[in-house]
Amino acid sequence: MMPPFLLLLALAPLLSCDAPGPLKADRDPGELFGPGEETLIVVDAVLIVDAPLPPVLVRRTEAPGARYEAAATGVTGAEVSIRYGDALFEYLADPAMAGRYLPPEDAPRVEPGGEYELRVTSGDAPVVSARTLVPARVRVEELVWLDEDLETELQQLRLFSEIGDGVYDAGENQLEYPRGLLVALLEDAGETGFYQFATFNLESYSPYLLDLEWIDEGDFELDRQNTTPLLRAEDSYLYLPWDGIYHAGRYKVRLHAVDRNWYDLVRTDNIDAERSAGEAGQSFQRPLFHVENGIGLFASASVDSFGFFVRPGGSPPCSGCECWDCAVAPPEE
């Protein structure tokens, strides 16, 4: 299993394995990576609770500004393993992709609450190692839509565990943008520290919910897949803002309870931060990787999902493309 889309979206500029990746014009790449770090080993693997052990990507950094080619940076011939307790899982090289290593076929699924250790040995280079303490399972127990006063309950939404994909058609799950906000009540949230939502608009041609003239200028488009900042639960409640929900239609939302490695890398990734804006992470000269003798990410998370339908503000209850203009989609060829 490859790392979840949430991670790829949030950290792609950092973990493209040509570290440091694309930088802003006013940034000197040497601020993050010095000349002596041009051949560092980069690891990339995320463990998801109840999912199989993931593949591990092992590559080397390129000099800042050098042309990046994945095939050329993949580390071949490495010894890669993950240990969990007394069990050792030795990985095999993927013949289809240089630098990608696959878990043994009989490897068990990732357990919540346990510690996993990654080790990578490559030639005479120092052994690269990293550890992750897997979060407990996360489960959304209730999902409520609150009015603007954040006290009045408008309706309680249905969950996948109740009606599956029927959540997109259920009357309780029809939301009007941008009224109020969603609140998720978590089961046993006290054991987990940090969370991120990833929002996925499942439509292809639904219109924007925002009424902003600049959206239609040029070729600029807002993404249909987005992530929130890192969040902390308040008395087992998590608030999902409208940020990142830009299009009408069906939404699938994945809630990730993340480990310390994920949390530290996200909060210290200042590559795309505006220094004049006071964004979190800008005081770090270098991201926190928690990888010994290398860089990258070896992390873990637990995941739960829910879904709903968003219609434009002021429109009556509706479903599917009847909420906008069904003719907005181009004709099939």
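Look above for the structure.
What to know about the overall build of the chain
Item 1. Counting secondary structure elements, the chain contains four helices and 17 strands.
Item 2. In the chain, which comprises 333 residues, the share counted as buried stands at 47%.
Item 3. Taking contacts inside the chain between residues at least 6 apart in sequence as the whole, the part at least 24 apart equals 71%.
Item 4. By element, 47% of the accessible surface of the chain is carried by carbon and sulfur atoms, the whole surface being about 16,500 Å².

A short note on helix α4 (residues 260-268)
Item 1. Among the nine residues in α4, seven count as buried, and that is most of the element.
Item 2. For α4, the complete set of buried residues consists of Asn261, Trp262, Tyr263, Asp264, Leu265, Val266 and Thr268.
Item 3. At the N-terminal boundary of α4, the capping side chain belongs to aspartate 259, with an oxygen 3.3 Å from the backbone nitrogen of asparagine 261.

Some remarks on the sheet that holds strand β12 (residues 181-186)
Within a sheet, adjacent strands bond to each other through the backbone by hydrogen bonds, running parallel or antiparallel.
Item 1. Read across the sheet, four strands follow the order β10-β9-β12-β15 without closing on themselves; strand pairing throughout is antiparallel. Single-partner strands in this sheet number two, and they are β10 (153-156) and β15 (237-240). Across the sheet, the axes of successive neighbouring strands diverge by a mean angle of 30 degrees, strand direction being ignored.
Item 2. With six bridges joining them, strand β9 (residues 140-146) and β12 adopt antiparallel strand pairing. Looking at β12, one finds that valine 140 is bridged to leucine 186.

Some details on the pairing of β10
Item 1. In terms of strand pairing, β9 meets β10 through three bridges, oriented antiparallel. Each residue of the ladder has a partner; that of leucine 146, found in β10, is glutamate 153.
Item 2. Linking β9 back to β10 in an antiparallel pair, the connection comprises six residues, with leucine 150 at a positive phi of about 60 degrees.

What about the packing of aromatic side chains?
Item 1. Following the criterion strictly, the structure yields eight aromatic pairs and no others.
Item 2. Pairing tyrosine 84 with tyrosine 116 gives two aromatic rings, centres 4.3 Å apart and planes at 10 degrees, and the pair type is stacked. Of this pair, tyrosine 84 sits in strand β3 (residues 79-84) while tyrosine 116 is found in strand β7 (residues 115-121), placing the two residues 32 residues apart along the sequence.
Item 3. According to the relative accessible area criterion, tyrosine 116 is buried, its value standing at 2%.
Item 4. Consider the rings of phenylalanine 197 and phenylalanine 306, whose centres lie 6.1 Å apart with planes at 75 degrees: the pair is edge-to-face. One end of the pair, phenylalanine 197, is in strand β13 (residues 194-201); the other, phenylalanine 306, is in strand β17 (residues 295-311), and 109 residues separate them in sequence. Each member of the pair, phenylalanine 197 as well as phenylalanine 306, carries the same accessibility label: buried.
Item 5. The rings of Phe197, Tyr251, Phe306 and Phe308 are connected pair by pair, giving a single aromatic cluster.
Item 6. Positioned above the aromatic ring of phenylalanine 200 is the side chain of arginine 254, whose terminal nitrogen or guanidinium carbon lies 4.7 Å from the ring centre.

Regarding the state of the cysteines
Item 1. Scanning the model with the defined rule gives one disulfide in all.
Item 2. Here cysteine 318 engages in a disulfide with cysteine 323; their sulfurs sit 2.1 Å apart. Measuring handedness by torsion sign, the sulfur bridge of cysteine 318 and cysteine 323 sits at about 120 degrees and is right-handed.
Item 3. You can call cysteine 323 buried: its relative accessible area is 8%.

Brief notes about unusual backbone geometry
Item 1. For the bond running from tyrosine 177 to proline 178, omega is 0 degrees, close enough to zero to count as cis.
Item 2. Along the polypeptide, proline 178 turns up in the loop between β11 (174-176) and β12.
Item 3. Even without being glycine, histidine 290 reaches a positive phi, approximately 55 degrees.
Item 4. As for its placement among the helices and strands, histidine 290 is situated in the loop between α4 and β17.
Item 5. Residue classification places histidine 290 among the partly exposed positions, given a relative accessible area of 40%.
Item 6. Residue asparagine 293 is not a glycine yet carries a positive backbone phi of 65 degrees.
Item 7. Along the polypeptide, asparagine 293 turns up in the loop between α4 and β17.

So, the pattern of salt bridges
Item 1. Going through the model one piece at a time under the given rule, you end up with 12 salt bridges.
Item 2. For the salt bridge of aspartate 50 with arginine 137, the shortest nitrogen-to-oxygen distance reads 2.8 Å. Here the residue aspartate 50 occupies a position in the loop between β1 (41-48) and β2 (56-60), and arginine 137 occupies one in the loop between β8 (128-133) and β9, the gap between them amounting to 87 residues.
Item 3. Take aspartate 50: its relative accessible area is 36%, and that puts it in the partly exposed class.
Item 4. Arginine 137 gets classed as partly exposed once you look at its relative accessible area, which sits at 48%.
Item 5. Its salt-bridge partner being arginine 139, residue glutamate 187 comes within 2.9 Å of it at the nearest N-O pair.

Some words on empty space enclosed by the protein
Remark: the empty space left among the atoms is shown by a probe the size of a water molecule rolled over them.
Item 1. Taken as a whole, this structure holds three cavities of 30 Å³ or more when the rule is applied.
Item 2. Of the voids in this model, the largest cavity is the one considered here, and its volume is about 40 Å³.
Item 3. Around the largest cavity, the lining residues are Leu175, Leu181, Leu182, Leu240, Pro241, Trp242, Ile245 and Phe308.

What counts and what doesn't
Residues numbered from 1 in each chain as written. Predicted model: local features only at pLDDT ≥ 70, side-chain atom pairs only at ≥ 80, totals over all residues. Heavy atoms only, no water. Helix = DSSP H or I, 4+ residues; strand = E, 2+ residues; numbered from the N terminus. Buried < 20%, exposed > 50% of the residue type's maximum accessible area, 1.4 Å probe, protein only. Contact = heavy atoms within 4.5 Å. Areas by Shrake-Rupley, 256 points an atom, 1.4 Å probe, with all protein chains shown as cover. Polar contact = N/O pair within 3.5 Å; in protein donor to acceptor, adjacent residues only side chain to side chain. Pairing = 2+ DSSP bridges. Axes fitted to C-alpha atoms, helices over the stretch in contact; angles between N-to-C directions. Phe/Tyr/Trp six-rings, centres within 6.5 Å; stacked < 30°, edge-to-face > 60°. Lys NZ or Arg CZ within 6 Å of the ring centre and 35° of its normal. Disulfide = S-S within 2.5 Å. Salt bridge = Lys/Arg side-chain N within 4 Å of Asp/Glu carboxyl O. 1 Å grid on protein atoms, 1.4 Å probe; cavity = no way out; pocket = protein on both sides within 12 Å on 5 of 7 lines; lining within 4 Å. Points joined across faces, edges and corners; volume = space filled by probe spheres on them.

What is shown is where atoms sit, not what they do.
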